[in-house]
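Single-letter residue listing:
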Amino acid sequence: MVSRVIPVDPFDLVIFGGTGDLARRKILPGLYRRFLSGQMPDEARIIAAARSEHDDQEFRDFVRAAIDEFGSPEIQIPDQIDAFLDRLSYVTVDARGDQGWPELAKKLRKKVVHAFYFSVGPGLFGDLADRLHHYGMADADARIVVEKPFGHDLASARELNETLARHFDEGQIYRIDHYLGKETVQNLMAVRFGNILFEPLWNAQYIDHIQITVAETVGVGGRGAYYDKSGAMRDMVQNHLMQLLCLIAMEPPSHFDPDAVRDEKLKVIRALDPVEPAEIVRGQYGADEDHADYLADVEDRSSRTESFIALKVHLSNWRWKGTPFYLRTGKRLRARTSEIAVVFKDPPHSIFGPQEGRRGNVLVIRLQPNEGINLRVTIKEPGPGGMRLVEVPLDMSFKEALGPDAEDIPDAYERLIMDVIRGNQTLFMRGDEVEAAWAWTDPVIHGWEERGDIPRGYDPGSSGPEDALMLMHRDGRRWREVKA
Ligand code: BG6
């Protein structure tokens, strides 16, 4: 692996829930990759803390198996894995009792960064914060990392913020939205604010509309119980799609620093209009030959939770008044793809005559898979026969354009954990941002609950319910195809 990375400061990272699913799939294999890339200093230590009884060796075996299962073939390097595992240890800790806490406190070294990753349900955040404080680990330099879901609505998010604020300042709290750790999501800012080309056109005068699509092929899997209480609006729109919308719509911050960026994102969330019921389409996937339907997956035949949502959103500010944002996300769709399409207005007049029509440019930012940027432009069709116009893509796949450098793109979690150690909060959500996002989401959800809205069915492998297509058709627009 090519390494141009600078090691972060020495650290002790404690992962509460260190034997959980997220730790196994993402956090631990990700940390190993950072170790391989040279970003993790020799003095780094990772301590898993969880309720079950294990010793260090059992935990290391668990991590070895996780790397084997979730790491790519080229990172399966036995000596390196051994060297990484040497940095790992395990403590049995009871989040709601006293067991293990003094031992954990003793393990932490002086003069290194202390980070505590709460990879547990939000119901335990308060207990963990209280005990870290009680056992003297919540000092002014400590950092805590919290996973989503950050609340279920505005009231619970506020309560969580207040709970954490009892022992930690805002500058110590890292609320993860893993979409912000994705390479192309950060590239959104580079494209917008590193080029002069787009910014003058980046407003309602030139942009007809924006589409944000996050489509998945998977169903709710083994997470039915959690998912059915959330639905696509809480699980994806309130956080991930909202963050994408913020980065697309925000004003240029004065600096790329945490508060400057987050202040601008907050203004976007606060400028969102309430959503009209007619501008929301919710759906639930049906069954196919290989898979059960949504209702069977969540084991509740009367569930009205959505596994798909499409909505049309407006922003009331000078830049965006009149340009709708169409958002959609869902499970069991045709392809796994996430993209943002910025659809520019047609030129005001076609000098080539009415038969050639007027064609708008489209800028597509592909988040996954095959990260890249595509700009659709109009050119002359080659050859004789007069001025016939065609549209061609100026297509840039980051992998092709950047070669081997693009191969070593860290996964979202790896990057975000390293940012925690570096003390950089730019890619983490601030408490007021999360609350503002819930303040906009809550009435939308209450609205459909009060109306007794029933989600429409859709076929697995489709692009969602028919009505979602209509949401754009009736505005004379169409969604881009859901394809990988
Ligand atoms: C999570 C949601 O936050 O994001 C999941 O809870 C979803 O339901 C996942 O599948 C999607 O993330 P990614 O990185 O695979 O697009």
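First, a word on scope: everything that follows refers to the structure included in this document. Everything numeric in this text was worked out from a predicted model, so none of it was measured. (Residues numbered from 1 in each chain as written. Predicted model: local features only at pLDDT ≥ 70, side-chain atom pairs only at ≥ 80, totals over all residues. Heavy atoms only, no water.)

## Thoughts on helix H2 (residues 56-70)
Note: α-helices contain 3.6 residues per turn, so residues at a spacing of three or four share the same orientation. Taking 1.5 Å per residue as the helical rise, H2 with its 15 residues ought to reach 21 Å, and the 21 Å between its terminal C-alpha atoms agrees with that figure. For H2, the full list of buried residues reads Phe 59, Arg 60, Val 63, Ala 66 and Ile 67. Across the axial projection of H2, the buried residues extend over an arc of 115 degrees, all falling on one side. Facing away from the buried surface of H2 by more than 90 degrees, the exposed residues are Asp 68 and Glu 69. Residues of H2 that are buried make contact with helix H1 (21-37), strand S2 (45-50), helix H3 (78-85) and strand S3 (88-92). Its side-chain oxygen 3.2 Å from the backbone nitrogen of Gln 57, Asp 55 forms the N-cap of H2. (Helix = DSSP H or I, 4+ residues; strand = E, 2+ residues; numbered from the N terminus. Expected span 1.5 Å × (residues − 1). Buried < 20%, exposed > 50% of the residue type's maximum accessible area, 1.4 Å probe, protein only. Arc of directions from axis to C-beta. Contact = heavy atoms within 4.5 Å. Polar contact = N/O pair within 3.5 Å; in protein donor to acceptor, adjacent residues only side chain to side chain.)

## Section: the sheet that holds strand S7 (residues 207-215)
Ordered in space as S14-S13-S12-S11-S7-S10-S9-S8-S15, the nine strands form an open sheet in which the pairing is mixed. If you trace the sheet from one side to the other, it starts and ends with strand S14 (389-397) and strand S15 (456-458), each paired once. Across the sheet, the axes of successive neighbouring strands diverge by a mean angle of 20 degrees, strand direction being ignored. (Pairing = 2+ DSSP bridges. Axes fitted to C-alpha atoms, helices over the stretch in contact; angles between N-to-C directions.)

## Observations regarding the layout of surface pockets
Approximately 910 Å³ is the volume found for the second largest pocket. Along its surface, the second largest pocket is lined by 36 residues, and Glu 339, Arg 376, Trp 479, Arg 480 and Glu 481 are the ones closest to its centre. Only S7, strand S11 (337-344), strand S12 (362-368), strand S13 (372-380), S14 and helix H14 (466-473) provide two or more residues apiece to the lining of the second largest pocket. Here the lining of the second largest pocket is composed, by residue class, of 10 nonpolar, 10 polar and 16 charged. (1 Å grid on protein atoms, 1.4 Å probe; cavity = no way out; pocket = protein on both sides within 12 Å on 5 of 7 lines; lining within 4 Å. Points joined across faces, edges and corners; volume = space filled by probe spheres on them. Nonpolar A, V, L, I, M, F, W, Y, C, P; charged D, E, K, R; others polar.)

## Some details on the nonpolar core
Formed by 146 residues in total, the largest nonpolar core has its most connected members in Phe 16, Leu 31, Phe 84 and Phe 118. Considering every element that reaches this core, the biggest residue donor is helix H8 (residues 224-249), with 13 residues. (Core = buried A, V, L, I, M, F, W, Y, C linked by side-chain atoms within 4.5 Å.)

## Overview of empty space enclosed by the protein
Under the criterion given, the structure shown has two cavities of 30 Å³ or more. The greatest single-element share of the lining of the largest cavity, amounting to four residues, is contributed by H8. Looking at the lining of the largest cavity residue by residue, the classes come out as eight nonpolar, no polar and no charged. Here the second largest cavity is characterised by a volume of approximately 30 Å³. Together, Glu 216, Tyr 227, Ala 232, Asp 235, Met 236, Ser 307, Thr 329, Gly 330 and Lys 331 line the second largest cavity. Only H8 and strand S10 (325-330) provide two or more residues apiece to the lining of the second largest cavity. Per-element tally for the lining of the second largest cavity: the top contributor is H8, with four residues. Its residues assigned to classes, the lining of the second largest cavity shows three nonpolar, three polar and three charged.

## Looking at the packing of aromatic side chains
Two descriptors summarise a pair of aromatic rings, namely the distance from one centre to the other and the angle between the planes of the rings. For the structure shown, the criterion picks out 18 aromatic pairs. Centre to centre, the rings of Phe 35 and Phe 84 are 5.7 Å apart; their planes meet at 45 degrees, and the pair counts as tilted. A residue pair is termed long-range when its members are at least 10 positions apart, and Phe 35 in helix H1 and Phe 84 in helix H3 qualify at 49 residues. One exposure class covers both Phe 35 and Phe 84, and it is buried. Between Tyr 326 and Trp 479, the aromatic rings sit 6.0 Å apart at their centres with planes inclined by 75 degrees, giving edge-to-face as the arrangement. Of this pair, Tyr 326 sits in strand S10 while Trp 479 sits in the segment after H14, placing them 153 residues apart in sequence. The same class applies to Tyr 326 as to Trp 479, namely buried. Taken together through their ring pairs, the aromatic side chains of Phe 16, Trp 101, Phe 116, Phe 118, Phe 125 and Tyr 135 make up a single cluster. (Phe/Tyr/Trp six-rings, centres within 6.5 Å; stacked < 30°, edge-to-face > 60°.)

## Notes on the packing of helix H9 (residues 258-270) against helix H13 (residues 431-451)
As a packed pair, H9 and H13 sit with axes 9 Å apart at the nearest point and diverge in direction by 15 degrees. Taken as axis vectors, H9 and H13 run roughly parallel relative to one another. Seen from above, H9 lies across H13 with left-handed handedness. The segment H9 lies against H13, with Arg 262, Lys 265, Leu 266, Ile 269 and Arg 270 engaging Asp 432, Glu 433, Ala 436 and Ala 437. Each residue belonging to the contact of H9 with H13 can be placed in one class, and the counts come to four nonpolar, no polar and five charged. (Parallel < 35°, antiparallel > 145°, perpendicular 65-115°, else oblique. Left-handed = near helix turned anticlockwise from the far one by under 90°.)

## What to know about the pairing of S10
Judged by how many residues are buried, S10 sits mostly within the fold: six of six residues are covered. Side chains of S10 alternate between two faces, with Phe 325, Leu 327 and Thr 329 and Tyr 326, Arg 328 and Gly 330 buried alike. Of the strand pairs in this sheet, S7 and S10 are connected by six bridges, and their pairing is parallel. Directly across from Ala 215, in S10, lies its bridge partner Gly 330. Relative to S10, strand S9 (residues 308-313) runs antiparallel, the two sharing six bridges. By the bridge assignment, Ile 309 is partnered in S10 with Thr 329.

## Remarks on the site of the ligand
The local shell around the ligand consists of Lys 148, His 178, Tyr 179, Lys 182, Glu 216, Arg 223, Asp 235, Met 236, His 240, Lys 331, Arg 336 and Gln 368. Arg 223 places a polar side-chain atom, nitrogen or oxygen, 2.8 Å from an oxygen atom of the ligand. Between the ligand and His 240, the relevant distance is 2.7 Å, taken from an oxygen atom to a side-chain nitrogen or oxygen of the residue. For the ligand, the accessible surface in isolation is 400 Å², of which the surrounding protein chains cover 81%. Examining the composition of the shell around the ligand, we find that three residues originate from one element, H8, more than from any other. (Near = heavy atom within 4 Å. Areas by Shrake-Rupley, 256 points an atom, 1.4 Å probe, with all protein chains shown as cover.)

By themselves, these are just geometric observations and shouldn't be taken as functional.
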